Amino acid sequence: MSIKYLNVVLIALSITLGACGNNKSDGFEPKIDTDVVNHDATNESADKPAITFEENSFDFGNIKEGTKVSHAFKFTNTGKSDLIIGDARGNCGCTVPKYPTQPIEPGETGVIDVEFNSAGKHGKQNKTVTLVTNTIPSTKVLIITGEVTPIAE
């Protein structure tokens, strides 16, 4: 009985992990040295960078299945040292972020462009993009939502 249960759990996990069509099989490979974003959270210094977004979430509204939509999340480095975005990942292969790879100086602005591909999606969609930065805390989550209307057959 327990082997059947284990098989069901493994199948469910496989379906869940592959549900969005993210075909990356190479695993996580950070785009910069992780020492840049790894720091002692108890050492909060006024000299650290800080990322401030104009908005943390965006609702695309109603879109037809198969439509690709995008949104630009604008931000400012409101800290006292260079801001580095080490990585940005969508929670699904249908959500693709593009982010600046160069350091953002204090007071400068930047944009995280997020594209959502609604192909194969139906109904209410809630997707996230997680940024890894050299700020405290070192992660920031952006949210996109929308309602996907199926293509009439």
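Data block above holds the structure.
Fair warning: this is a prediction, and the values are worked out from it, not measured in the lab. (Residues numbered from 1 in each chain as written. Predicted model: local features only at pLDDT ≥ 70, side-chain atom pairs only at ≥ 80, totals over all residues. Heavy atoms only, no water.)

> Can you help me understand the overall build of the protein chain in this one?
Regarding its fold elements, the protein chain presents 1 helix and 8 strands. Tracing the protein chain from N to C terminus, the helices and strands come up as α-β-β-β-β-β-β-β-β. Residues classed as buried in the protein chain amount to 27% of the 153 residues present. A sequence separation of at least 24 residues applies to 68% of the contacts in the protein chain between residues at least 6 apart. Carbon together with sulfur atoms contributes 53% to the accessible area of the protein chain, which is approximately 9700 Å² in total. (Helix = DSSP H or I, 4+ residues; strand = E, 2+ residues; numbered from the N terminus. Buried < 20%, exposed > 50% of the residue type's maximum accessible area, 1.4 Å probe, protein only. Contact = heavy atoms within 4.5 Å. Areas by Shrake-Rupley, 256 points an atom, 1.4 Å probe, with all protein chains shown as cover.)

> How should the nonpolar core be read in this particular structure?
Here is a general trend for soluble globular proteins: nonpolar side chains tend to be buried in one another's company. Of all hydrophobic cores here, the largest spans 22 residues; its most connected members are Phe53, Phe73, Phe75, Ile112, Phe116, Leu131 and Leu142. With residues up to four places along the chain from it excluded, the contact list for Leu142 reads Phe53, Glu55, Asn56, Phe73, Ile112, Lys127, Thr128, Val129 and Leu131. (Core = buried A, V, L, I, M, F, W, Y, C linked by side-chain atoms within 4.5 Å.)

> When you look at the sheet that holds strand S6 (residues 109–117) in this model, what are you seeing that I'm missing?
Hydrogen bonds between backbone atoms are what pair the strands of a sheet, whose relative direction is either parallel or antiparallel. If you trace the 4 strands from one edge of the open sheet to the other, you get S1-S3-S6-S5, paired in antiparallel fashion. Among the strands making up the open sheet, the edge pair consists of strand S1 (51–53) and strand S5 (95–98). With strand direction ignored, the average angle separating the axes of adjacent strands in the sheet is 30°. Bridging between S5 and S6 involves 4 bridges; their strand directions are antiparallel. Paired with Val96 across the strands is Glu115, a residue of S6. (Pairing = 2+ DSSP bridges. Axes fitted to C-alpha atoms, helices over the stretch in contact; angles between N-to-C directions.)

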